[in-house]
Amino acid sequence: MAEEETKKKKLSFASALILYFAGFFLLLCLFWVFKPSFKSRYNLIITGLGKGRVVPFIAQFEPYKDKKMGGAEYLSSKIKELIKSFEGNPYNAVSLGNEISGTSESYFTNGEAVIESLNSYNLDAMLVGNLDFSFGFKRLCELSTKAAFKFLASNIVDESTGQIPPSFVREKISNPGGVLKVAFIGVTPHQTPFITTQKNTQGLRFSPPGPGLKQLVEENRQHGANLVVMLTLYERKRLGEDEFNALLNSKPDILIMQDYASEMPPARRFDDVVVKTVNGYNQGKEIDLLTVDLDEKTGKIASFTGFRFPVFCDEIQPDAAVLNKISGVLDKIKSIQNEVIATFSESYSRMYDEECPIGDMIADNLKESTNTEIAFQHSGGIQGNISSGAFSMGDLYSLLPFDNDIVTMDLTGLDIIEILTIAASLKRGIIQISGGEYSFSNRGIDDFELGEVKVNGSNIIATKTYRISTNSFLADGGDEFRPFRRGKKIVIGSPQRDVLKKYLTDLSASGPVRLQFADRIKRK
């Protein structure tokens, strides 16, 4: 009897064991069938650096010279076309910032036309750049309430509260499809207070990349982010190794930056960080795309490819709904924009790293209107070109979109030499000059030197004091031309645009204006 009882117990145990393994196998099969998995491909659409361009324009430089490009209605259609090509794979769309100012359309609508355009692109987030502060921090906060996307700025702090301003967010979390979770982090360059008018960022503190950035990335991973995408307007070739390494050491999966290359640099991997760039001269002419293939189990990047798509207006059907919306905003300002103030006999293009007739004209106007010995205009403040024929108020505000006053001051010859040495680095572009001339050589970001400098035909004297004129942006030390802040006997004058408007109107009274190349800046 005992033996029979023992056999029953063994059979019962064996049956239980079989049932256990059968159940475990069934659960394993169910897990395999229904396990969390990542779709193998993820697409990231990247816009930005539009600089206020919401209407189509004619490109001035190669490789797109004389092509009609950009415009909100065409960008919107191109983005929809790209999304359709993804065939259901997950995607996000973001902007690298520097969108809100730079044209008369943006200026006369106080940024509203730009926000309306960006809303049509179905963006998840936009990095806050220096040009986005051009209408002041208060206006930027107002525009954030009109935006259908988040303003990213992880490293901007309101000094009165010690917190990120309520209009910005440290990160934006998105679930574009399946179990994929993507975190977007924005890093605004900490030099921003020196590359916009200082009053626009008053009360805000901008932190350089550091340990806190790495902590923020780790926090997002702990909160379930499979991919961390970092957006910044830092530019690789103009960035010191310490700052670049600080960005890499924060360990995002993807880092989106600027480039200024004539051809698109390939997306590259640095220490497991995929780096993709957007051209700093974009102005809405192009849309960038980063396509990554993901490991289906871990969601990590297995391979990647970068693309850059030109937005040719003659190849794209415009988005009628966007066109109607933007036209409704712009109709209110047409009469102001279309007022003709001058006529030009030829077309002229602005140059950032070279002397140009437009820069000579603006610098000459600064000098002549103030009767100073020498005048300076930064190339970054010249945002438009000049076409032959009628020149309107809209053209003037596109040429000089920033609200600068004319400032006169005393600087020493040594101060001027330091300013022109910074210009020779080309980190912030050439300084256009009137009343003087200079030469320089530049073989790389850290391999440059200033040559001979003359004022009114004579060699500059380091110890002598010169009366100079410039705009209020440079007078504040903007674009990192900080020696201007040493100026003495400072006098703030009239708005720069108003003075240039009168100058051009007076010149046009005797016929179309013809600009000359003055040959004041020589690169050896």
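As the structure is a computational prediction, the values presented were derived from the model and not from experiment.

The rules behind each value
- Residues numbered from 1 in each chain as written.
- Predicted model: local features only at pLDDT ≥ 70, side-chain atom pairs only at ≥ 80, totals over all residues.
- Heavy atoms only, no water.
- Helix = DSSP H or I, 4+ residues; strand = E, 2+ residues; numbered from the N terminus.
- Buried < 20%, exposed > 50% of the residue type's maximum accessible area, 1.4 Å probe, protein only.
- Lys, Arg positive; Asp, Glu negative; His and termini not counted.
- Salt bridge = Lys/Arg side-chain N within 4 Å of Asp/Glu carboxyl O.
- Polar contact = N/O pair within 3.5 Å; in protein donor to acceptor, adjacent residues only side chain to side chain.
- Core = buried A, V, L, I, M, F, W, Y, C linked by side-chain atoms within 4.5 Å.
- Contact = heavy atoms within 4.5 Å.
- Phe/Tyr/Trp six-rings, centres within 6.5 Å; stacked < 30°, edge-to-face > 60°.
- Lys NZ or Arg CZ within 6 Å of the ring centre and 35° of its normal.
- Axes fitted to C-alpha atoms, helices over the stretch in contact; angles between N-to-C directions.
- Parallel < 35°, antiparallel > 145°, perpendicular 65-115°, else oblique.
- Left-handed = near helix turned anticlockwise from the far one by under 90°.
- Nonpolar A, V, L, I, M, F, W, Y, C, P; charged D, E, K, R; others polar.
- Pairing = 2+ DSSP bridges.

The next point concerns the side chain of Asp 132. Along the chain, the position of Asp 132 falls in the loop between strand 5 (125-127) and helix 5 (137-146). Buried and without a salt bridge, Asp 132 has Lys 51 as its closest oppositely charged side chain, separated by 11 Å. Of note is the side chain of Asp 132, whose polar atom sits 2.9 Å from the backbone nitrogen of Asn 98. Reaching out from Asp 132, the side chain makes a polar contact with the backbone nitrogen of Gly 129 at a distance of 2.8 Å.

Time to look at the nonpolar core. Residues Ile 115, Leu 118, Phe 133, Phe 149, Phe 151 and Phe 168 are the most contacted members of the largest nonpolar core, which totals 42 residues. Mapped onto this core, the elements with two or more residues apiece are helix 2 (72-85), helix 4 (112-119), helix 5, strand 10 (204-206), strand 15 (286-294) and helix 8 (320-330). With residues up to four places along the chain from it excluded, the contact list for Phe 168 reads Val 128, Phe 133, Phe 137, Leu 140, Phe 151, Ala 153 and Ile 156. The next biggest cluster of nonpolar side chains, apart from the first, holds 28 residues, and it includes Val 407, Ile 431, Ile 460 and Phe 484.

The next point concerns the packing of aromatic side chains. Evaluated as defined, the whole model comprises 16 aromatic pairs. Centre to centre, the rings of Phe 149 and Phe 151 are 5.8 Å apart; their planes meet at 35°, and the pair counts as tilted. The class for Phe 149 is buried, based on a relative accessible area of 6%. For Phe 151, a relative accessible area of 2% puts it in the buried group. Plain terms: the ring middles of Phe 344 and Phe 391 are 5.3 Å apart, the flat faces sit at 70° to each other, and that makes the pair edge-to-face. Of this pair, Phe 344 sits in strand 17 (residues 340-344) while Phe 391 sits in strand 19 (residues 389-392), placing them 47 residues apart in sequence. Judged by relative accessible area, Phe 344 falls into the buried class, the value being 2%. Its relative accessible area of 1% is what places Phe 391 among the buried residues. Site record: aromatic cluster; members linked through ring pairs are Tyr 107, Phe 108, Phe 135 and Tyr 397. Lying across the ring of Phe 312, Lys 67 places its NZ or CZ 5.8 Å from the centre. Sitting over the ring of Tyr 107, Arg 497 keeps its end group 4.6 Å from the ring centre.

Attention shifts here to the packing of helix 2 against helix 8. Two elements in contact, helix 2 and helix 8, have axes separated by 8 Å at closest approach and are oriented at 155°. Here helix 8 runs roughly antiparallel to helix 2, going by the angle between their axes. Considering the relative orientation of helix 2 and helix 8, their crossing is right-handed. Contact residues: helix 2 offers Ala 72, Glu 73 and Ser 76, while helix 8 offers Val 322, Leu 323 and Ile 326. Here the contact of helix 2 with helix 8 is composed, by residue class, of four nonpolar, one polar and one charged.

Spatially, the six strands line up as an open sheet ordered 8-9-11-12-14-13, and their pairing is mixed. Two strands bound the open sheet, and with one partner strand each, they are strand 8 (171-177) and strand 13 (268-270). Each adjacent strand pair in this sheet contributes to an overall mean axis angle of 30°, direction not counted. Strand direction decides the pairing type here: strand 12 (residues 254-259) and strand 14 (residues 273-279), joined by six bridges, are parallel.

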